[in-house]
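# Report on the structure
Here is how the chains run, residue by residue.
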Amino acid sequence: MSSPPLAPPAQPDRPAASASASAAQSPGSPTVIRAAGVSKKFVAYHKRATSLKERFVRREGASGEDFWALRDVDVQIGRGQTVGLAGANGSGKSTLLKVLAGILRPTSGEVAVNGRIASLLELGAGFNGELSGRDNVYLNASLLGLSKREIDRLFDSIVDFSELRHKIDDEVKHYSSGQYVRLGFAVAVHVDPDILLVDEVLAVGDEAFQRKCLDKIAQFRAEGRTILFVTHSLDLIENMCDRVLVLETGNLIYDGQPAVGTKLLRQRLGSLPVEGGAVPYDLSPVKPTAVTFSRDPGGAPQVQYDPGEQLTVSVELDLTDYAPQHVYLHVDILGQGEVPIWMMETPPGGISPGPGIVMVDFVVPRLPELLGAFAVNVRVSDAATGHPVTVRRFEDLFGVSGPQVAGLLRVDYQAGLRR
Amino acid sequence: MRWELLRNLVRKDLKVKYKGSTLGFAWSLANPLLLLVVYTFVFQVVLKTGIPRFGIYLMSGMLVWNAFSGSVSSACGAVVANANLVKKVRFPLLVLPLSAVGFAAVHFALQLLVLFVVILGLQYSLFGPELLLIVPAGAVALLFTVALSLLLSALNVRYRDTQHLLDVALVAWFWVNPMVYAYGLISDRLGDWTWVYLLNPMAVVVMTFQRAIYDPPPGNSTGSSSIIADTGYTFYLEHLGIAALISLAVLFLGLRVFRRFQADFAEDL
Ligand SMILES: Nc1ncnc2c1ncn2[C@@H]1O[C@H](COP(=O)(O)OP(=O)(O)OP(=O)(O)O)[C@@H](O)[C@H]1O
Ligand SMILES: [Mg+2]
């Protein structure tokens, strides 16, 4: 992928190693990675023609779910930023790195990268087990774009960094997985990248080596290089990153301060107890099982709305296990970054559903002039005592297409000149 | 093109294949000699082709054919075999099929040297000006091999039966080159249609190698038909020209397909 420069190279040289990290991340720093509207669809395997025979004798009705590993991800990363990439397993982190590294082609959207990228997507990717560590260093560095002369010059430094001098002439297949990563990381950091993409490979090293890698990352940071790394360690995000990206089922649900991101992650990953002693929804006697969006209560489901239209948010409750006298529901409408946009609740005292499966409708007669996609968080509490019973955040989204091109709200205003 | 990377990959393949086994390497060079013994027995003693010094005739054509079929066959699987690399590292993917060709080319060059040594050892004449025909013939062989390798390696990622079809095709293809029989047998039979036979670039390459290395008996005849196609030069140069054009067309197609498919390699693997 040829990447047109995004911005004029601001400084011919990297800021000196002594330049402080905060200077490097000033808001004016040029963008080195820009992904605009990037989506990645994996076509279900059995839907692809995988043989020439099938290519010409086309099977009818081959079906299967296509899988969206990334949906409409927008990211801009400025020079010198250290960015953490987090999210549950399968949320699309590795896919995003591969798209940025130019290994996978996005299904739609644009990626532009400005600078030399080194990516470390897997421990010792490209190592050949049959060859010695020495041969592998040469081979791997050459794959990453170094010339023989450059490798000769860097070889000692690479071996020293990996602390594997005594093993360097052994076959790599006899290395431990930690030693594999050491060598792989040592090569990757020596190719002198402007941008370093690291998948969660560092976790394998022992503590001393991890510290060394983190020192190296800190040094990169101080040198004004850009780092994007995947990690499941919330501590690392808080301590090392200027910024965190959180992915969830292919959607970028948060992009911003590490402290906020980690809180969100703890919540999402279930390690942060739901406040006030509520139980997970599937263990709760009163189960919010679904939400649907439609114009009229009971009407056909609809996901896209215009401002001024009527919206009905219907919450389905499963009360077959237990039918309380009164149920109190609280619905938060969440925008980008889990920001609550508005709230709706059942009248004081709650509602009195019978047993079985019931629907609770919240009707918004006129949607305000909003723009964006919104999710729903449902909280159930005991109407008598006010104790929380359960909470469930649904993945279903509805969209409102306001007249404005950007921003959440449309506000009337006047612009004028005053002297 | 990153030549240095290509060289390193070829070196890696050689190293992995012959790691700690000088014998293995010597064997791969001597391997054609075994073939020579077997084929000589079958075609000269049992089937009586009437080609004198059949072993040299056979080897002068077959070494280049073996290099071709070996490269194409391993290049076809080259991207798939390096799936882990393709999915994890960004590098110019063209080097994968090319390194398979390079690997075979190294063997070919060495085997050719062994053949020369054998010819000199048997005190046959070798160094006539016709030996220079090796240069254009080798160039066309390389061009055609690279072209087909690129095409097939890309196709094989998406359509995994390419490899099987290719292996079957190579077995059949072997027989439409005049390696174990005399060219005259074909031209006598086909007459005015011989040009169709000569559209196969490998047949032309094989024939040119024979002209370069094999020294036909006076009269260039098995008794009933001629052995090599022609005892001059222009015939070969003309047909090499046509073969080069065909190869260029395949190269154009191969590059296009490779470029089209390579963006999806990491996903298809
Ligand atoms: N080549 C492929 N074909 C089909 N599906 C794929 C392919 N590669 C990845 N996926 C799917 O895409 C989703 C995202 O995968 P990805 O590897 O990006 O997750 P991740 O966030 O890195 O997870 P982890 O934390 O486990 O590393 C997964 O559901 C995975 O099954
Ligand atoms: Mg991953």
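Just so we're clear, the structure is a prediction, and the values are computed from it rather than from any experiment.

Attention now moves to the interface of chain B and chain A. If you look at the interface, chain B gives 29 residues, while chain A gives 36 residues. Contact between chain B and chain A buries roughly 2,800 Å² in total, counting both sides, with carbon and sulfur atoms accounting for 53%. The largest per-residue losses of area from chain B upon contact with chain A belong to Lys88, Arg90 and Glu267 of chain B, which jointly make up 24% of the total buried on that side. Here chain B and chain A share 3 salt bridges between them. It is helix 1 (residues 3–17) of chain B that contributes the most residues to the side of chain B that touches chain A, 7 residues altogether. Its residues placed into classes, the side of chain B that touches chain A shows 11 nonpolar, 3 polar and 15 charged.

Another aspect to go through is the sheet that holds strand 1 (residues 31–42) of chain A. Residues and elements named next belong to chain A. Overall, antiparallel pairing links the 3 strands, which are arranged 2-1-4 in an open sheet. The strands lining the two open edges of the sheet, one partner per strand, are strand 2 (67–78) and strand 4 (108–113). Taking the axes of each pair of neighbouring strands and ignoring which way they run, one obtains an average angle of 15° across the sheet. The pairing of strand 1 with strand 2 spans 8 bridges and is antiparallel. By the bridge assignment, Phe42 is partnered in strand 2 with Phe67.

Moving on, we come to the pattern of salt bridges. One pass over the full model with this rule turns up 26 salt bridges over all chains. Between Lys40 of chain A and Glu267 of chain B there is a salt bridge, with its nearest N and O atoms 2.6 Å apart. Of the two residues, Lys40 of chain A is situated in strand 1 and Glu267 of chain B in helix 13 (residues 265–268); the pairing between them involves two chains. Like Lys40 of chain A, the residue Glu267 of chain B is buried in the burial classification. A salt bridge links Arg225 of chain A to Asp192 of chain A, with the shortest nitrogen-to-oxygen separation between them at 2.8 Å. Of the two residues, Arg225 of chain A sits in the loop between helix 7 (207–222) and strand 7 (226–230) while Asp192 of chain A sits in the loop between helix 6 (177–190) and strand 6 (195–198), which places them 33 residues apart along the sequence. Note on Arg225 of chain A: relative accessible area 8%, which makes it buried. Via salt bridges that share partners, Arg105 of chain A together with Arg158, Asp264 and Asp268 of chain B belong to a single interconnected network.

Counting all residues, the mean pLDDT for chain B is 90, and 100% of those residues have values of 70 or more. Across chain B, the secondary-structure element scoring lowest on mean pLDDT is helix 2 (residues 22–46) of chain B, at 81, and the one scoring highest is helix 7 (residues 134–158) of chain B, at 96.

A few words now on the pairing of strand 8 (residues 243–248) of chain A. All names here are of chain A. Counted residue by residue, strand 8 has 6 buried out of 6 residues, so it is predominantly covered. The alternating pattern of strand 8 places Arg243, Leu245 and Leu247 and Val244, Val246 and Glu248 on opposite faces, both of which are buried. The pairing of strand 3 (residues 82–87) with strand 8 spans 5 bridges and is parallel. The residue of strand 8 that forms the bridge with Gly84 is Val244. For strand 8 and strand 9 (residues 251–256), the ladder comprises 5 bridges, and the chain directions are antiparallel. From the neighbouring strand, Leu247 faces strand 9, where its bridge partner is Leu252. Counting the residues between successive antiparallel strands, the hairpin from strand 8 to strand 9 contains 2 residues, one of them, Thr249, with a positive phi of roughly 40°.

Nonpolar side chains collect at one region of the surface, where Trp27, Leu34, Val38, Phe41, Val42, Val45, Val46 and Leu47 of chain B lie side by side and expose about 760 Å² of accessible area between them. Note that Val46 of chain B resides in helix 2.

Moving on, we get to the domain arrangement of chain A. Residue and element names in this part refer to chain A. Per the domain assignment, the segments of chain A are domain 1 (31–269) and domain 2 (281–400). Counting residues at the interface gives 6 residues for domain 1 and 5 residues for domain 2. Regarding the contact of domain 1 and domain 2, the summed buried area is about 410 Å², with carbon and sulfur atoms giving 40% of it. On inspection of domain 1 and its partner domain 2, the count reaches 0 salt bridges. Our count for the contact surface shared by domain 1 and domain 2 stands at 0 residue pairs in polar contact (both at pLDDT 80 or more). Contributions of two or more residues to the side of domain 1 that touches domain 2 are made by strand 9 and helix 9 (258–268). Counting residues per element, the side of domain 1 that touches domain 2 draws most heavily on strand 9, which supplies 3 residues. Residue composition of the side of domain 1 that touches domain 2, grouped by class: 4 nonpolar, no polar and 2 charged.

The rules we used
- Residues numbered from 1 in each chain as written.
- Chains lettered and ligands numbered in written order.
- Predicted model: local features only at pLDDT ≥ 70, side-chain atom pairs only at ≥ 80, totals over all residues.
- Heavy atoms only, no water.
- Contact = heavy atoms within 4.5 Å.
- Buried area = accessible area lost by both parts, 1.4 Å probe.
- Salt bridge = Lys/Arg side-chain N within 4 Å of Asp/Glu carboxyl O.
- Helix = DSSP H or I, 4+ residues; strand = E, 2+ residues; numbered from the N terminus.
- Nonpolar A, V, L, I, M, F, W, Y, C, P; charged D, E, K, R; others polar.
- Pairing = 2+ DSSP bridges.
- Axes fitted to C-alpha atoms, helices over the stretch in contact; angles between N-to-C directions.
- Buried < 20%, exposed > 50% of the residue type's maximum accessible area, 1.4 Å probe, protein only.
- pLDDT = per-residue confidence, 0-100.
- Patch = residues over 30% accessible without salt bridge, like charges linked within 9 Å, V, L, I, M, F, W, Y side chains within 5 Å.
- Areas by Shrake-Rupley, 256 points an atom, 1.4 Å probe, with all protein chains shown as cover.
- Domains from an automatic or database assignment.
- Polar contact = N/O pair within 3.5 Å; in protein donor to acceptor, adjacent residues only side chain to side chain.

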